[in-house]
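Summary of structural features
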Amino acid sequence: MNVKGLETLHLKTENTQLSLVVLETGHVVLAYLGKKIPTTDLSYLISEIPRASYLADADRIKDYKLEQMPLIYPGFGNPDLGLPAHQEVYGDGSRISDFRYLSHRYESEKEEIKGLPFSCSSNVRYLVVVLEDTLTKNQLYLKFTAFIEQDVFSQSVEYHNLSGQPVVLQELSSLHLSLLTDQWNLITLNGAWGRENQLNRRPLTQGFQGTESRRGASGHGQNPFVALASPQATEQVGEVIGTALIYSGNFKATAEVDMHQNTRLQLGIHPFEFSWELLPGKSFQSPEAVFLYTDQGLNQLSQLFHRFVQDCVIQSPLKQQERPIIINNWEATYFDYDREKLLSLAGEAAEVGAELFVLDDGWFGNREDETSSLGDWYPNEEKLGGDLLALISDIHQLGLKFGLWLEPEMISENSQLYRQHPDWAIQVPNRKPQSVRHQYVLDLTKNDVQNYLIQTIDELLVNHPIDYIKWDMNRNITDNYSSTLSPERQPEFSHRYILGLYHVLEEITKRHPKVLFESCAGGGGRFDLGMLYYTPQIWTSDDTDPIARLSIQQGTSLIYPPVTMGGHISASPNHQVGRYTPLASRAAVAQQGNFGLELDLMKLTATEKQKLSAIIAQYKKDRQTLQFGRQIRLAVYDPKNEVAWQKINDQTGASIVTHINCLSKPNTIPKRLKLLGLEPHAHYQIDRVVRTGAELMSIGLAVPRPSEDFFATQWRLEKIKKEQPLC
């Protein structure tokens, strides 16, 4: 290509590297994302790009085809006709911009992002690249961070309007990666309520592909994560680029392959139903996106993300503490409970070893079913047989902590709050708002609504010794409109809603740092890094069936740490799918995540209670490894019928291996299960047998023949000292 590079800008972690090149034209390009290399000047990579035909010459420079350049943050139509990272409209109606390099600076500390969740660490390298449009004087601040120990990068973008006239932003992506090949598989997490985060992998093709949400939340059907994997990449080998957005609202994650087999990967706020009027002198900050590179397959992608989320995203002071074993009353009682039934359930839970009793929906207002009282967050003392303090005291006397369910963002039409403030519900003037589950959504763009929620929840937590809050959201947002916004600003509504939600969460979690918050959105309808910033765990899915949970949890674990994934033992037959499964299998699957109970313990036989007590006692011994161990997804002989994973405690060297066989087959001999991540020369004791790490990784464990459908096997490996030398 007929253009020279002037300077190469590097960001490096312990093992990986991001390199940008500033061209003599002022354009900034992505030269390299990969393993750390010693080369300092990478501008030759750009000059060696061959020209393509039928593309415009930029700046009237012969054979300078801007559309072929791996631009770090492209605009549209000047003359690049590829996927733009940003789009804006100026006061005269024009939509063309021309941002070029102005300056850059390196720092050892990362700036906070006000009003949004963001990642942070004390060991970073921070790079800000400033681009300027010479005509309007508007500036783009591209903010890159290298998280050195975690081998992760991040990017966010800030748009400064210095033009002297209003600018309407129509799109401002958080991340744009231009890659000079299309030899990738696109990996997304898709699904629906009850089957969230199903792994979807397909080869890139020319044109536009990706995943998105327009539901007002990140959504059950899609997750704000996208990865590109080399076609040969497996769990253990191969190149993978993973990206995720620290945001909980409408998003778009796309890959576009152009006419010349180049790929533009992009992630940010969805431009659908979004614009932002930016007055002179004002700025707009995008959410932060995180991205990483590995050449060691999907397991390392997951392990890098898991460490990064725990170290740098989750802000709760409880994030490194072992999580309590929850008993949630929902599937045991639904709305049909009184004080006696709650205390009986809590007593049974204490006997089998549970540690925290969670009172779910139905404790407030006049709520006897889903048709009323959301927003009336005061206890129904008649239903509870007294005040909430007395109930909590009785729960505490049983040796259990106490937790409570809330759905703060919602309002029932049949509620005192709605009768007092009908204008607080999201609605379009002169149109009847849509009701889902007999409820509307509160307009969190309004300061009065935010302040009401902060005050109400704060008083509830100040006046009651509550250890845990489950923060639910059981419908998506329709009727997008707010009376606080002018007509031209209505497309700002969806983003302003999320900013309002974050403000409420920020205030509540800071005021009550000792309360364990768990987010939920009808299950995994808002399982994203934005919510994890405030709540260190999320209910993975309302589907508690262990076999359905296998694919849900495998997909979720691709990016999110197991300790963030709520998983409970529920009844058999399961309430969502009607499947009968053994207790041991339900426990094994629930223990992949954050373990708890959600069933009527009073219906169990004495033998079942004894088995459950033993399971819980063993879990308490294994909890550190199961919650915080390094997870590895293991290869199995029949992936359509088997799932296996391994958790390694990096402090003790212990491992716990779980294998689930779904359907039994006649006259079929199970194949051995090879482990990963062990020390080859170390010795490991499994029951009374001792094997070397090399044996366990090269030969594997003998998988027992299933005695029934949905058969679970667990092995506990203890690393031991053995004196005799190995051959």
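Please read all numbers here as calculations on a predicted model, not as lab measurements.

**Remarks on the pairing of strand β17 (residues 263-269)**
Sheet faces and side chains relate simply in a regular strand, where the side chains alternate between the two faces. With respect to burial, β17 is a largely interior element, seven of its seven residues being buried. Bridge count for strand β10 (residues 175-179) against β17 is five bridges, and the pairing is antiparallel. Looking at β17, one finds that Leu-175 is bridged to Leu-267. Linkage of strand β16 (residues 251-257) to β17, two consecutive antiparallel strands, is achieved through a turn of five residues, within which Gln-261 is found at a positive phi near 65°.

**Comments concerning the sheet that holds strand β18 (residues 276-278)**
With respect to topology, three strands assemble into an open sheet ordered β4-β9-β18, the strand pairing being antiparallel. Edge strands, defined here as strands with exactly one partner in the open sheet, are β4 (86-89) and β18. Across the sheet, the mean angle separating the axes of adjacent strands is 30° when strand polarity is ignored. When strand β9 (residues 167-172) meets β18, the two strands line up antiparallel, connected through three bridges. Residue pairing across strands places Leu-169 opposite Trp-276, the latter belonging to β18.

**Some points on the side chain of Glu-288**
If you trace the backbone, Glu-288 turns up in strand β20 (residues 288-294). The exposure class of Glu-288 is buried, given its relative accessible area of 1%. Within the local environment of Glu-288, its side chain forms a polar contact with the backbone nitrogen of Ser-119, the two atoms lying 2.9 Å apart. With residues up to four places along the chain from it excluded, the contact list for Glu-288 reads Lys-110, Ile-113, Phe-118, Ser-119, Ser-154, Gln-155, Ser-156, Ser-174, Ala-244, Leu-245 and Ile-246.

**Points about the pattern of salt bridges**
Counted under the stated rule, the structure contains 37 salt bridges. Among the salt bridges present, the one from Asp-57 reaches Lys-65, with a minimum N-O distance of 2.7 Å. Among the residues examined, Lys-65 registers a relative accessible area of 4% and is labelled buried. Residue Asp-59 is joined to Arg-100 by a salt bridge in which the shortest nitrogen-to-oxygen separation is 2.8 Å. Of this pair, Asp-59 sits in the loop between α1 (44-47) and β4 while Arg-100 sits in strand β5 (residues 99-107), placing them 41 residues apart in sequence.

**Looking at the UniProt feature "domain: Glycosyl hydrolase family 36 C-terminal" (unreviewed entry) in the protein chain**
In the numbering adopted here, UniProt assigns the feature "domain: Glycosyl hydrolase family 36 C-terminal" (unreviewed entry) to residues 643-717. For the annotated span residues 643-717, helix accounts for 8% and strand for 37% of the residues, and the straight-line distance between the end C-alpha atoms is 19 Å.

**Points about the UniProt feature "active site" (unreviewed entry) in the protein chain**
Per the UniProt record, "active site" (unreviewed entry) is annotated on Asp-472 and Asp-542. The largest pairwise C-alpha distance within this set of annotated residues, which runs over 71 residues, is 11.3 Å, so the set is compact in three dimensions. For Asp-472, the location among the structural elements is in the loop between β26 (468-471) and α9 (493-511). We classify Asp-472 as buried; its relative accessible area is 5%. Asp-472 has contacts with Trp-405, Leu-406, Glu-407, Pro-408, Glu-409, Cys-520, Ala-521 and Gly-522, leaving out every residue within four places of it along the chain. Here Asp-542 shows up in the loop between β28 (537-539) and α11 (546-556). Contacts of Asp-542, omitting those with residues within four sequence positions, involve Trp-193, Glu-196, Glu-331, Cys-520, Gly-522, Gly-523 and Gln-576. At 3.3 Å, the side chain of Asp-542 forms a polar contact with the backbone nitrogen of Gly-523.

**Considerations on empty space enclosed by the protein**
Scanning the model with the defined rule gives seven cavities of 30 Å³ or more in all. Lining the largest cavity we find 21 residues, and of these His-27, Tyr-73, Pro-74, Gly-75 and Phe-99 sit closest to its centre. Examining the composition of the lining of the largest cavity, we find that three residues originate from one element, β5, more than from any other. Across the lining of the largest cavity, the residue classes tally to 11 nonpolar, seven polar and three charged.

**Considering the domain arrangement of the protein chain**
According to the domain assignment, the protein chain contains domain 1 (5-313), domain 2 (326-626) and domain 3 (634-719). Summarising the inter-unit geometry, the C-alpha centres of domain 2 and domain 3 are found 34 Å apart. Here domain 2 and domain 3 share an interface that buries about 1,500 Å² over both sides, 66% of which is from carbon and sulfur atoms. Of all residues in domain 2, the largest losses of buried area upon contact with domain 3 belong to Leu-550, Ala-588 and Thr-625, amounting jointly to 32% of the total for that side. In this structure, the connection of domain 2 to domain 3 is made through one salt bridge. In this assembly, domain 2 and domain 3 are joined by seven residue pairs in polar contact (both at pLDDT 80 or more).

Conventions used here
- Every chain is numbered independently, its residues counted from 1 as its sequence is written.
- With pLDDT at 70 or above as the cut-off, local features in this predicted model cover only qualifying residues; side-chain atom pairs require 80 or more to be listed or tallied, and sums for whole chains, interfaces and linings still use all residues.
- In computing side-chain values, all of the structure's heavy atoms are included and hydrogens and water are not.
- Note on exposure labels: buried denotes an accessible area under 20% of the residue type's maximum, exposed denotes more than 50%, and partly exposed covers the range between, all computed with a 1.4 Å probe on protein chains only.
- Starting at the N terminus, helices and strands are each numbered in turn, a helix being any DSSP run of H or I of at least four residues and a strand any DSSP run of E of at least two.
- At least two bridges found by DSSP between two strands are what make those strands a pair.
- To get an axis, a line is fitted to the C-alpha atoms, and for a helix only the part in contact is used. The angle between two axes follows their N-to-C directions and goes from 0 to 180 degrees.
- For the purposes of these results, a polar contact is taken to be a pair of N or O atoms within 3.5 Å, where, inside protein, one atom must be able to donate a hydrogen and its partner to accept one; residues adjacent in sequence count only when each atom of the pair is a side-chain atom.
- Residue contacts follow a heavy-atom distance rule, with two residues in contact if any of their heavy atoms lie within 4.5 Å.
- Only one rule defines a salt bridge in this text: a Lys or Arg side-chain nitrogen within 4 Å of an Asp or Glu carboxyl oxygen.
- UniProt positions are given in the numbering used here, feature names are shortened, and annotations may be inferred rather than shown by experiment.
- Whether a set of points on the 1 Å grid over the protein atoms alone is a cavity depends on a 1.4 Å probe fitting there but being unable to get out, while an open set qualifies as a pocket with protein on both sides within 12 Å along at least five of seven lines; lining residues are those with an atom within 4 Å of a point.
- Grid points are joined across faces, edges and corners, and a volume is the space filled by probe spheres set on the points.
- Gly counts as polar in this scheme, as do all residues outside two lists: the nonpolar Ala, Val, Leu, Ile, Met, Phe, Trp, Tyr, Cys and Pro, and the charged Asp, Glu, Lys and Arg.
- What counts as a domain boundary in this text is fixed by an automatic or database domain assignment.
- In short, buried area is how much 1.4 Å probe accessible area vanishes from two parts on joining, totalled over both.

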